[in-house]
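Read off the chains here:
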Amino acid sequence: MANRNKDFNTLVADKFKNRKFAQAYIINLINKEGMSLEEALRETIISMGLQVFADKAGLSIQYVSDFVNKRRKFTTGAIDKYLNKVFQLQIKISVESIRSEVA
């Protein structure tokens, strides 16, 4: 049973080598699952592997582990930087009217 779990984790982590898969995964967590950007990034880091993310982002494994375990918060700027560097994604904030009526 333990090997099956390890094999599954390896299979999932291998999928994150495909950048388009990783991009779609994060975007889906936010847009379809309703996760915050921080939650989606944590979930993605866990799925792809902390060491893999740390290597790609140029961070220490301890720094990444602290973020995943909520002992450290990333600023919005840091999240944008890591999303860009690791996944080639960027944060885009927009403000839209709830109604299309003009006052």
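See above for the structure.
These figures come from a predicted structure and were not determined experimentally.

1. Things to note about the overall build of the chain
Thought 1: The secondary structure content of the chain amounts to six helices and zero strands.
Thought 2: Here the chain holds 103 residues, and the buried ones make up 29% of them.
Thought 3: Long-range contacts, defined here as pairs at least 24 residues apart, represent 48% of the contacts in the chain between residues at least 6 apart.

2. Describing the packing of aromatic side chains
Thought 1: Inspection of the entire model under this criterion finds eight aromatic pairs.
Thought 2: An angle of 20 degrees between the planes, with centres 5.5 Å apart, marks the rings of Tyr63 and Phe74 as stacked. Remark: Phe74 occurs in the loop between α5 (61-68) and α6 (76-87) and Tyr63 occurs in helix α5; sequence separation between them is eleven residues.
Thought 3: Taken together, the aromatic side chains of Phe53, Tyr63, Phe67, Phe74, Tyr82 and Phe87 make up a single cluster linked through ring pairs.
Thought 4: One Lys or Arg, Arg42, reaches over the ring of Phe67 and ends 4.4 Å from the middle of that ring.

3. Considerations on the pattern of salt bridges
Thought 1: One pass over the full model with this rule turns up five salt bridges.
Thought 2: Glu38 is paired through a salt bridge with Arg42; the nearest N and O atoms lie 3.1 Å apart. On the criterion of helical spacing, the pair formed by Glu38 and Arg42 is a turn pair, its members being four residues apart in helix α3 (residues 37-48).
Thought 3: Residue classification places Arg42 among the buried positions, given a relative accessible area of 10%.
Thought 4: Residue Arg71 is joined to Asp66 by a salt bridge in which the shortest nitrogen-to-oxygen separation is 2.9 Å.
Thought 5: For Arg71, a relative accessible area of 53% gives the class exposed.
Thought 6: The buried category is assigned to Asp66, whose relative accessible area is 13%.

4. Some words on the packing of α3 against α5
Thought 1: For the pair α3 and α5, interaxial distance at closest approach is 10 Å and the crossing angle is 130 degrees. Of the possible angle classes, the one that applies to α3 and α5 is oblique. For the crossing formed where α3 meets α5, the hand is left-handed. Contacts from Glu38, Leu41, Arg42, Ile45 and Ile46 in α3 reach Val64, Phe67 and Val68 in α5.
Thought 2: In terms of residue class, the contact of α3 with α5 is built from six nonpolar, no polar and two charged.

What counts and what doesn't
- Residues numbered from 1 in each chain as written.
- Predicted model: local features only at pLDDT ≥ 70, side-chain atom pairs only at ≥ 80, totals over all residues.
- Heavy atoms only, no water.
- Helix = DSSP H or I, 4+ residues; strand = E, 2+ residues; numbered from the N terminus.
- Buried < 20%, exposed > 50% of the residue type's maximum accessible area, 1.4 Å probe, protein only.
- Contact = heavy atoms within 4.5 Å.
- Phe/Tyr/Trp six-rings, centres within 6.5 Å; stacked < 30°, edge-to-face > 60°.
- Lys NZ or Arg CZ within 6 Å of the ring centre and 35° of its normal.
- Salt bridge = Lys/Arg side-chain N within 4 Å of Asp/Glu carboxyl O.
- Axes fitted to C-alpha atoms, helices over the stretch in contact; angles between N-to-C directions.
- Parallel < 35°, antiparallel > 145°, perpendicular 65-115°, else oblique.
- Left-handed = near helix turned anticlockwise from the far one by under 90°.
- Nonpolar A, V, L, I, M, F, W, Y, C, P; charged D, E, K, R; others polar.

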